[in-house]
Amino acid sequence: MTSSPKGFAMPSPDLAAVHIRTVHSSTVHFDDVAAAHPDAAFPRFHPRPAQGWINDPNGISHLNGRYHVFFQYNPDSARHHEIAWGHVSSADLVRWEEHPVALRPQSGGPDEYGCWTGVVTDDGGVPTAAYSGVRGDGGHSQVVIARGSEDLVHWEQTGHVAASMPADGQVTAVRDPFIFRFNGKRYAMQGAGLANGHAALLLYTVEDMSDWKYQGIWLTSENAVAADFTPAEIWECPQLVRVPDATESAADSRDAGTWLMMFSLWLSGDAHEHANGVGHLIGSLTEDPETGLPVFTPRSGGKSDLGRDFYAPQVVALEDRALLWGWANEGPGRDGRRGRGQDEIDAAGWAGVLTFPRELSVLDNALAVSPAPEIDAYRGALTASQAEGTAVLPAFAEAVVTGGAGGGDTAVELLLVGDGTSQTVFSGTIEPGEELRVFVDASLVEVYRAGSVATTLRAYPAAGEEWQLRLPEGATADVWALEQPAAQG
């Protein structure tokens, strides 16, 4: 949750027509939005509204048989301003529907300046959002509560504040509530910055969702493990979930075992460039015998994504897996890639994409990230089998690259190639037997390395350019076009 200059841009007439046709329909199917969109850079398989700015995924939940993904949203401009909550949902993580704006800034309320990052939880059978709100006259972020309908489409915003800035002189900034359960009790945490320049987590007990009890500073970047892997001035968008670990036994209790803590690593002057990216800590959660409060003990950590265009992920812990969505933002071009300037973004009328849902696990004390298996449903026609050397990719594609025993150069490169031009979008090594899965959805690239974390990148093909995979000796690639599966029923 960061601020940026105010600004507005009117969408093109064609884009406005897409917006009107879809938003005012009773049910908005994302594949219809994508098919009608005039911008070749607009994603076809990553749901978002036809126009407006989006950033952090929020309120990710699985309730009443549907996955719900909310997100930071400015429906009126492709800039970060007057943030509301957008909302999409799906029964299967493949076919998505867009719903009306869920939460809006309330005039004179504690969220007048914006409905910022937060979560949705089931509070005694009532879907409940807890999010950061900031008053129109400024001041510190507060935790604001809103109650939703059973289908999470309609929300009541009364402006109730469950937690304000703590009366703790060490804490200079606070934001982004996250709720977790441990040993049958409900807790919350918020990201914070301290007067000494370190990042921190604040802990709360939450017996009553309307009244959070502050328990103090829980963890800081002064911790030796945290200092190595998650350096920041503020830990934004903190997450804490139990994740599957290959070393755990089936006898481990629900709350024992391996826990993953994840942060977006905010630095002053970031301006949505996020140089430190996203980091995580892997550790254990135990109960303090004196206070009864949870204690997180990190033992390892690392980068949660290796791309420069990934930030503010949110993780939801389900019964048998943990799923993550992240934000891939537009940009002026990072690491030598062609980007989009603000004038181009304004003209396009939209900004920001959410990643595919990703499954998280721990292997050998390290985070492993893979696309949710449901994404396989997008595999369409096979366009290349066991390709060697150079493989041409469709504009919407999946490629599975397998390393071979060729010796010498081991680099896999994803390029945009035109008439006499070429730019490298991704480059990474591959070892014999190792596998990379590469997804291209218009201007969004996601690369998954088996047993490791993903790489998220943005790149914008120009007219006449095509995607090419260049493979090292011995490596092969299978390539599919991404296609929407046939409608059910």
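Residues numbered from 1 in each chain as written. Predicted model: local features only at pLDDT ≥ 70, side-chain atom pairs only at ≥ 80, totals over all residues. Heavy atoms only, no water.

### Structural notes on the state of the cysteines
Reasoning step 1: Enumeration according to the criterion identifies zero disulfides in this entry.
Reasoning step 2: Of the cysteine sulfurs around C115, a residue in no disulfide, the closest is that of C237, at 15 Å. (Disulfide = S-S within 2.5 Å.)

### Considering the environment of R437
Reasoning step 1: Examined against the element boundaries, R437 turns out to sit in strand 29 (residues 435–441).
Reasoning step 2: Residues R437 and A399, spaced 38 residues apart in sequence, show a C-alpha to C-alpha distance of 5.7 Å.
Reasoning step 3: Sequence-distant contacts of R437, defined by excluding residues within four places in its chain, comprise P371, D376, R379, E398, A399, V400, E446, V447 and Y448.
Reasoning step 4: Within the structure, the side chain of R437 is placed 3.0 Å from the side chain of D376, a separation counted as a polar contact. (Helix = DSSP H or I, 4+ residues; strand = E, 2+ residues; numbered from the N terminus. Contact = heavy atoms within 4.5 Å. Polar contact = N/O pair within 3.5 Å; in protein donor to acceptor, adjacent residues only side chain to side chain.)

### Re the side chain of T230
Reasoning step 1: Within the element layout of this structure, T230 appears in the loop between helix 3 (224–229) and strand 14 (234–242).
Reasoning step 2: Beyond its immediate sequence surroundings of up to four residues, T230 is in contact with S221, W235, F263, L265, G279, H280 and L281.

### Notes on the packing of aromatic side chains
Reasoning step 1: Evaluated as defined, the whole model comprises 19 aromatic pairs.
Reasoning step 2: Centre to centre, the rings of F180 and Y187 are 5.6 Å apart; their planes meet at 20°, and the pair counts as stacked.
Reasoning step 3: Aromatic side chains F356 and F439 sit 5.4 Å apart centroid to centroid with 80° between the ring planes, which places their arrangement in the edge-to-face category. Of this pair, F356 sits in the loop between strand 21 (353–354) and strand 22 (358–363) while F439 is found in strand 29, placing the two residues 83 residues apart along the sequence.
Reasoning step 4: Judged by its relative accessible area of 2%, F439 is buried.
Reasoning step 5: By the ring-pair criterion, three or more aromatic residues cluster together here, those being F45, F356, Y378, F396, F439 and Y448.
Reasoning step 6: Geometry around W266 places R175 over its ring, the cationic atom sitting 5.6 Å from the centre. (Phe/Tyr/Trp six-rings, centres within 6.5 Å; stacked < 30°, edge-to-face > 60°. Buried < 20%, exposed > 50% of the residue type's maximum accessible area, 1.4 Å probe, protein only. Lys NZ or Arg CZ within 6 Å of the ring centre and 35° of its normal.)

### What about the pairing of strand 16 (residues 278–287)?
Reasoning step 1: With respect to burial, strand 16 is a largely interior element, seven of its ten residues being buried.
Reasoning step 2: Note that strand 15 (residues 259–266) and strand 16 share six bridges and pair antiparallel. Bridging from a neighbouring strand, S264 pairs with V278 of strand 16.
Reasoning step 3: Between strand 16 and strand 17 (residues 294–303), which follow one another and run antiparallel, lie six residues, and G292 among them has a positive phi close to 80°. (Pairing = 2+ DSSP bridges.)

### Remarks on the nonpolar core
Reasoning step 1: Ranked by internal contacts, the top residues of the largest apolar core, which has 109 residues, are F180, W212, W218 and L240.
Reasoning step 2: Those residues in contact with W212 that sit more than four places away from it in its chain are A130, V143, A162, A163, P177, I179, A188, Y204, T205 and V206.
Reasoning step 3: In this structure, A387, A397, A399 and V445 belong to the second largest nonpolar core, which totals 26 residues. (Core = buried A, V, L, I, M, F, W, Y, C linked by side-chain atoms within 4.5 Å.)

### Quick notes on the sheet that holds strand 25 (residues 390–393)
Reasoning step 1: Strand order in the open sheet formed by four strands is 25-32-27-28, with antiparallel pairing between adjacent strands. Whereas interior strands pair on both sides, the edge strands pair on one side only; in this sheet they are strand 25 and strand 28 (422–429). Shown here is a sheet whose adjacent strand axes are inclined to one another by a mean of 20°, direction ignored.
Reasoning step 2: Direction of pairing for strand 27 (residues 411–417) relative to strand 28: antiparallel, over a ladder of seven bridges. Its bridge partner lying in strand 28, L414 is registered against F426. (Axes fitted to C-alpha atoms, helices over the stretch in contact; angles between N-to-C directions.)

### Re the side chain of S141
Reasoning step 1: Summarising the element assignment, S141 is placed in strand 8 (residues 138–148).
Reasoning step 2: With a relative accessible area of 6%, S141 lands in the buried category.
Reasoning step 3: Polar side-chain contacts of S141 include one of 3.3 Å to the side chain of S132.

### A look at the pairing of strand 13 (residues 211–220)
Reasoning step 1: As paired elements, strand 12 (residues 199–208) and strand 13 share seven bridges and run antiparallel to each other. Looking at the pairing, T205 lines up with K213 of strand 13.
Reasoning step 2: Hairpin connection between strand 12 and strand 13: a loop of two residues separates the two successive antiparallel strands.

### Points about the sheet that holds strand 13
Reasoning step 1: Strand order in the open sheet formed by four strands is 10-11-12-13, with antiparallel pairing between adjacent strands. The open sheet has two edge strands with one neighbour each: strand 10 (171–182) and strand 13. The mean inter-strand angle of the sheet, taken between neighbouring strand axes irrespective of direction, is 25°.

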